[in-house]
Amino acid sequence: MIPATLDGHLLVSGALFALGLLGVLLRRNTLVVFMCLELVLVASTVALVAFSRYNGILDGNVFVFFILTVAAAEVAVGLAIIVALFRRRQTVQVDELNSLRN
Amino acid sequence: MGELTFNLLAWFTLLSAAGVVINRNAVNAALCLLLCLTGVAGLFVVLEAYLLAFVLLLVYAGAVVALFLFIVMLLDTSGAPRALPRRLPLIARVLAGGLIASGVLSFSARAKLPVSEAVAAAPGIGGALKPYAYQLFTTYLLPVQILGFLLLAAMIGVIVLSKKFEGLEDVK
């Protein structure tokens, strides 16, 4: 059982962040890497909302709006880049998109 | 009651997040992401941030996951060879695993963060709309303007990236 306190919420947020980071490190499909990036962003919003709830302030909640907006813009641009990349290279696997390596 | 609800939502969120990471199929991963975001919206309701729960469902579940599903189906990579998890060097694996585990454990093993009991017991202030509007249009007015500009830039960027321009081949 996770206690329903600030520490419990932060534990959930940290675990969510860790899962997202794990996905970014391990997955090969660019689209899934992108989804895991979204998990990382959402984990940070949970921590922000928990902090502002347990401190009796609103600043964390307002900041979540900004994170949501940035995430939406990021998804739009990122998916457009992935589609453009797929048009040119016919693949979305991270390992095959290595023309910048050498 | 509050404890049980929180635990159900927390485990639901974490398990569906694990589903995003381990699912081989990108469509299933996107659907797991949808479940995970629903769980997070539930956590926001537990934290009495009702507006944010609603906005999260609207923006993320409604727009972002739909966009993900759309792109996954548009690209249709089912013909590609099955992707195995990326092989990392042993030292990178140990380092990453250790850092992630210690990061999560530091949350659970830590002494309790100082929380004023009165604030924790009082009803949250995130339920009403008016305080949000007041903050957004006074303290955070400049960030709001910058975000508007960011959205405009993102929109122009997406148009440039996805449209084919006549006689402008070097744009790509």
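Keep in mind that what you see is a predicted model, and the values were worked out from it rather than measured. (Residues numbered from 1 in each chain as written. Chains lettered and ligands numbered in written order. Predicted model: local features only at pLDDT ≥ 70, side-chain atom pairs only at ≥ 80, totals over all residues. Heavy atoms only, no water.)

### A look at the confidence of the model for chain A
This prediction gives chain A a mean pLDDT of 88; 99% of its residues lie at or above 70. Mean pLDDT per element in chain A: helix α1 (residues 6-26) of chain A is the minimum at 88, and helix α2 (residues 30-55) of chain A is the maximum at 92. (pLDDT = per-residue confidence, 0-100. Helix = DSSP H or I, 4+ residues; strand = E, 2+ residues; numbered from the N terminus.)

### Some thoughts on a nonpolar patch on the surface
All names here are of chain B. On the surface, Phe149, Leu152, Met155, Ile156, Ile159 and Val160 cluster together into a nonpolar patch covering about 570 Å² of accessible area. For Phe149, the location among the structural elements is in helix α7 (residues 141-162). You can call Phe149 exposed: its relative accessible area is 60%. (Patch = residues over 30% accessible without salt bridge, like charges linked within 9 Å, V, L, I, M, F, W, Y side chains within 5 Å. Areas by Shrake-Rupley, 256 points an atom, 1.4 Å probe, with all protein chains shown as cover. Salt bridge = Lys/Arg side-chain N within 4 Å of Asp/Glu carboxyl O. Buried < 20%, exposed > 50% of the residue type's maximum accessible area, 1.4 Å probe, protein only.)

### Quick notes on the pattern of salt bridges
Applying the stated criterion across every chain yields a total of 1 salt bridge over all chains. As a salt-bridge pair, Glu48(B) and Arg53(A) come within 3.2 Å of each other at their nearest N and O atoms. Of this pair, Glu48(B) sits in the loop between α2 (26-46) and α3 (50-75) while Arg53(A) sits in helix α2, on two different chains.

### Comments concerning the environment of Leu6(A)
In this fold, Leu6(A) is placed in helix α1. Sequence spacing of Leu6(A) and Tyr54(A) is 48 residues, and the spatial spacing of their C-alpha atoms is 6.6 Å. For Leu6(A), the residues in contact, after removing those within four places along its chain, are Ala50(A), Phe51(A), Tyr54(A), Leu113(B) and Val115(B). (Contact = heavy atoms within 4.5 Å.)

### What to know about the interface of chain A and chain B
Taken together, the contacts link 73 residues of chain A with 80 residues of chain B. Here chain A and chain B share an interface that buries about 6,900 Å² over both sides, 78% of which is from carbon and sulfur atoms. Where chain A meets chain B, there are 1 salt bridge. Inspection of the region where chain A meets chain B yields 7 residue pairs in polar contact (both at pLDDT 80 or more). Only α1, α2 and α3 (59-89) of chain A provide two or more residues apiece to the side of chain A that touches chain B. In terms of residue count, α3(A) provides more of the side of chain A that touches chain B than any other element does, 24 residues in total. For the side of chain A that touches chain B, the residue count by class is 53 nonpolar, 11 polar and 9 charged. (Buried area = accessible area lost by both parts, 1.4 Å probe. Polar contact = N/O pair within 3.5 Å; in protein donor to acceptor, adjacent residues only side chain to side chain. Nonpolar A, V, L, I, M, F, W, Y, C, P; charged D, E, K, R; others polar.)

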